[in-house]
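Each chain, letter by letter, is given below.
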Amino acid sequence: MCGIVGYLGKNEKKEILLDGLQELEYRGYDSAGIAVIEGEKLNQFKAIGKLENLREKTKSYHTEGFGISIGHTRWATHGKPTELNAHPHLGAYSYVVHNGIIENYQELKAELQAEGVNFLSQTDTETIVHLFEKNHKTNKDVFSSFEATINRLEGAYATLLITEADAETIYFAKNGSPMLIGFHSDDVYFASSDTPIIGKATEVYYLEDGEYGYAREGVVKLFNAEGEKSFTKQALTADKISAQKDGYRFFMEKEIYEQSRVMGETMMGRVLDDSIVFDELDETFFKGIKAIKICACGTSYHSALTSAYLFERLAKIRCDIEIASEFRYKEPLLTDDTLFITISQSGETADTLEALKMAKRAGLKSLSICNVDNSSIVRESDAAILTRAGIEKGVASTKAFATQSMVLWMLALYMGQQRNTVSKKVLKTEISAMLHTPKALIVTDELHEKLHRLSKRYLHGHGFFFIGRDIFFPLALEGALKLKEISYMHAEGYPAGEMKHGPIALADSELFTIALMPHTMHYDKIKSNVEELSARDATILAISPLPFDLADDFIQTKYSSHPMVEFFEMMVVTQLLALEISVRLGNDVDMPRNLAKSVTVE
Ligand code: M6R
């Protein structure tokens, strides 16, 4: 995803920008660029691909003395990854970088084009710089021209603008995409997250939505809809690792909290008002495809299992799921009318990669769903959809699972659109539920506190059964995997209806059952299954929007009209439960024993 760095001051600007952008590399990008104004000199460089390409292009360029500068790494949303589409975008005498999406850019672009403005790129961002220069033509004051510009923008943005019309000032605005301002003596820094400025700035201010302003001579003026406002800087840690944790105790905890935000990024530019779009897939991609086979490991396998229900229900296409390490040696029968999908957070899992190679050798078309651009699995696949979760450091996968499940849901709907298996009404309902998902993923203090308190009752016993039906069965598997990875306690996921076919023999008060009881899906059936367990004295932790009398512990989720929204809300509960149990047991949450983040051996 895109990253922004800005700097105003006397130090070498090129290095500050490039080093800062390097810190944001993990977010994924396909091009990068910088623009610097020093006195009368304006310089701009752009390169597609990795930052080394930009470093190479700028190797004989050095900055001296006071100046203003902005830099950007771009993850293409509107228009292909080309130099012309890379930021900073140039007007006649100004430059802009931007993260987010300007939703009304087409309307603004048409308006500007009608007045004779020539656009060089296919991006939404370029409208900002032209709109600014248009405003500046009639209103000579730079700041009010900038203010008038951002007042016209709809959508999410974090943006920096520099202009020869005011060569000592950086203009900024934030709405819906993160941006912060760093301070150290007379130096002012901007960035889309704090890692690029750690070790450089000593104080920071995290901008809020609707705030904008400018930095000049080391001083920042801040405004919002009510006018100029004061703000309080806070100390910025010099410790990169703790900064990367953003104040959370563990990366896993941070990543659980991030899910609501990253889900927005996963959907950005893909979930539109009345359709799903994947720029990554050309129109003929699914031509001749009659079935889907998905291969993955661990958590990624669980998101695959969830998606099988969605592909068959929404796209009416047969979907088989296989654990990659099993698939490799079973001599599978493969036909070239099957789309082979691999799912992987890291893109480097050896079994998944080998399964992909096998499928390719058998002539199957391949698609990967991955969090890491340019990883082996992405490079090996015919097409790839990135999940855009951002780097995941906790070994126990959380936000990768959430974003994989979302991409797969979107893909099932996308195929449903193409295959005419979803009506307009269904499409609308699904899209509205998707857009509601980030809300369902918000971790409230109340929920976290409740799970913290409740976790003390679950530190012993002879095992956990996570049970659910339909898509809540793979979620039960995932809940159990999370718990065993970081608590080292035995946990199993089971289809609720299967308990009486054997596992119920284990039921007693020391068997903890985590029951996923959504009200949108087979509630009465799962209720009966849980009653059977309760009758055998099993300890029940019920997760449901509907109060359940037999529960020993109860987490009440919200009423939602869509199973996937309930799915994501319950997912958060199971993740926090595992986290809190692990913390109480004194385990290493982020690096559990015996596990590695990326499993590159078979
Ligand atoms: O990077 P991948 O998604 O391919 O990794 C697959 C599994 O190794 C991974 O999901 C593992 O199960 C995690 N530790 C789960 O939390």
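Residues numbered from 1 in each chain as written. Predicted model: local features only at pLDDT ≥ 70, side-chain atom pairs only at ≥ 80, totals over all residues. Heavy atoms only, no water.

A. Focus on the pairing of strand β4 (residues 67-74). Burial within β4 is extensive, with 8 of its 8 residues counted as buried. The pairing of strand β1 (residues 3-9) with β4 spans 7 bridges and is classified as antiparallel. Bridging across to β4, Val5 finds its partner in Gly71. When strand β2 (residues 31-38) meets β4, the two strands line up antiparallel, connected through 7 bridges. Residue pairing in the sheet places Ile34 in a bridge with Gly71 of β4. (Buried < 20%, exposed > 50% of the residue type's maximum accessible area, 1.4 Å probe, protein only. Helix = DSSP H or I, 4+ residues; strand = E, 2+ residues; numbered from the N terminus. Pairing = 2+ DSSP bridges.)

B. Region of the structure containing the sheet that holds strand β20 (residues 383-386). Within the open sheet, the 5 strands sit side by side as β17-β16-β18-β19-β20. Their pairing is parallel. Taken across any chain shown, the strands that pair with only one partner, and hence form the sheet edges, are β17 (318-323) and β20. Neighbour to neighbour, the strand axes of the sheet diverge by 20° on average, direction disregarded. Pairing geometry for strand β16 (residues 291-296) and strand β18 (residues 338-344), over 5 bridges, is parallel. Looking at β18, one finds that Lys293 is bridged to Phe340. Where helix α8 (residues 298-315) meets the sheet, it contacts β16, β17 and β18, and its direction lies at approximately 170° from that of β17. The strands touched by helix α10 (residues 350-361) within the sheet are β16, β18 and β19 (365-370), with β18 carrying the most contacts at an inclination of about 165°. (Axes fitted to C-alpha atoms, helices over the stretch in contact; angles between N-to-C directions. Contact = heavy atoms within 4.5 Å.)

C. Region of the structure containing the environment of Cys319. Tracing the backbone shows Cys319 in strand β17. Counting along the chain gives 191 residues from Cys319 to Glu510, while the straight-line C-alpha distance between them is 38 Å. Sequence-distant contacts of Cys319, defined by excluding residues within four places in its chain, comprise Ile292, Ile294, Ala308, Phe311 and Glu312.

D. Spatial organisation of the state of the cysteines. Enumeration according to the criterion identifies 0 disulfides in this entry. Take Cys295: it sits in no disulfide, and the sulfur closest to it among the cysteines is that of Cys297, at 8.1 Å. Cys295 sits in the buried class, given a relative accessible area of 0%. With no disulfide of its own, Cys370 lies closest to Cys297 among cysteine sulfurs, the gap being 12 Å. (Disulfide = S-S within 2.5 Å.)

E. Geometry of the nonpolar core. Leu281, Ile294, Phe311, Ile341, Leu411, Phe464 and Phe568 are the most contacted members of the largest nonpolar core, which totals 91 residues. If you count residues domain by domain, this core takes at least three from each of domain 2 (242-441) and domain 3 (443-590). When near neighbours in sequence (up to four residues on either side) are disregarded, Phe311 contacts Ile292, Ile294, Lys316, Ile317, Cys319, Ile341, Leu408, Leu411, Ala412 and Met415. One finds Tyr95, Ile181, Phe190 and Leu222 within the second-largest nonpolar core, a separate group that totals 23 residues. (Core = buried A, V, L, I, M, F, W, Y, C linked by side-chain atoms within 4.5 Å. Domains from an automatic or database assignment.)

F. Looking closely at the site of the ligand. Lining the immediate surroundings of the ligand are 15 residues, of which Ser300, Ser344, Gln345, Thr349 and Glu485 lie closest. Contact distances for the ligand include 2.5 Å between an oxygen atom and a side-chain N or O atom of Thr349. Between an oxygen atom of the ligand and a side-chain N or O atom of Lys482, the distance comes to 2.9 Å. Compared with its free state, where it exposes 410 Å², the ligand has 91% of that area covered by protein. Mapped onto the shell around the ligand, the elements with two or more residues apiece are α8 and α15 (472-487). Class assignment of the residues belonging to the shell around the ligand gives a composition of 5 nonpolar, 8 polar and 2 charged. Here the shell around the ligand spans two domains, since at least three of its residues come from each of domain 2 (242-441) and domain 3 (443-590). (Near = heavy atom within 4 Å. Polar contact = N/O pair within 3.5 Å; in protein donor to acceptor, adjacent residues only side chain to side chain. Areas by Shrake-Rupley, 256 points an atom, 1.4 Å probe, with all protein chains shown as cover. Nonpolar A, V, L, I, M, F, W, Y, C, P; charged D, E, K, R; others polar.)

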